[in-house]
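As a plain string of letters, each chain reads:
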Amino acid sequence: MGAIRKVSIEEGCISCSLCQDYCAEVFQVEDGEDCVVREDAPKHFDAKAEAIRDAARDCPVEVIAVEEAN
Ligand code: SF4
């Protein structure tokens, strides 16, 4: 699998915090607010690739978009 190039959150997040539990270096979920991707997240994309992909797979509303480099 290639490297992760970009992570973003689409509309519809239900603030469940699952992604933050998987990878707090990348995902930030304040109480009751939509998840945001941290500004310095890209420097963790390589080391945390598996956790990021797991979060995208397991997000209950599937709003985590992971862009892979080809
Ligand atoms: S796992 Fe999905 S729904 Fe839950 S906080 Fe993260 S982006 Fe939002």
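Details of the structure are given in the entry above.
Residues numbered from 1 in each chain as written. Predicted model: local features only at pLDDT ≥ 70, side-chain atom pairs only at ≥ 80, totals over all residues.

### Structural notes on the overall build of the protein
Of the regular secondary structure elements, the protein holds two helices and four strands. In the protein, the order of α-helices and β-strands from amino to carboxyl end is β-α-β-β-α-β. Taken over the C-alpha trace, the protein has a radius of gyration of 11 Å; the compact-globule value for 70 residues is 11 Å, and the two agree within 12%. Structurally, the protein occupies a C-alpha span of about 35 × 20 × 15 Å along its principal axes. Across the protein, the fraction of contacts at a sequence separation of at least 24, relative to all contacts at a separation of at least 6, is 61%. (Helix = DSSP H or I, 4+ residues; strand = E, 2+ residues; numbered from the N terminus. Rg over C-alpha atoms; globule rule 2.2 N^0.38 Å. Contact = placed C-beta atoms within 7 Å.)

### Describing the nonpolar core
Grouped together as the largest cluster of nonpolar side chains are 12 residues: Ile-4, Val-7, Cys-19, Tyr-22, Cys-23, Val-26, Phe-27, Cys-35, Ile-52, Ala-55, Cys-59 and Ile-64. At the level of elements, β1 (4–9), α1 (18–22) and α2 (49–58) are the ones that each hand at least two residues to this core. Beyond its immediate chain neighbours, meaning those up to four positions away, Val-7 contacts Val-26, Val-37, Ala-41, Ile-52, Ile-64 and Val-66. (Core = buried A, V, L, I, M, F, W, Y, C linked by C-beta atoms within 7 Å. Buried ≥ 20, exposed ≤ 12 C-beta atoms within 10 Å, placed from the backbone.)

### Some thoughts on the environment of Glu-39
Along the chain, Glu-39 turns up in the loop between β3 (36–37) and α2. In sequence terms Glu-39 and Phe-27 are 12 residues apart; their C-alpha atoms lie 9.7 Å from each other.

### What about unusual backbone geometry?
One non-glycine residue with positive phi stands out, namely Ser-15, at about 55 degrees. Given 13 C-beta atoms within 10 Å, Ser-15 falls into the partly exposed group. Phi at Ser-17 takes a positive value of approximately 75 degrees, unusual for a residue other than glycine. Within the fold, Ser-17 resides in the loop between β1 and α1.

### Quick look at the environment of Cys-23
Mapped onto the elements of the fold, Cys-23 is located in the loop between α1 and β2 (27–28). Sequence-wise, Cys-23 and Ile-64 are 41 residues apart; in three dimensions their C-alpha atoms are separated by 13 Å. Setting aside residues no more than four positions away along its own chain, Cys-23 makes contact with Lys-48, Ala-51, Ile-52 and Ala-55.

### Side note on the environment of Phe-45
Residue position: Phe-45 is located in the loop between β3 and α2. When the C-alpha atoms of Phe-45 and Val-61 are compared, they prove to be 22 Å apart, with 16 residues separating the residues in sequence. If we ignore the near neighbours within four places in the chain, the residues touching Phe-45 are Ala-3, Ile-4 and Ile-52.

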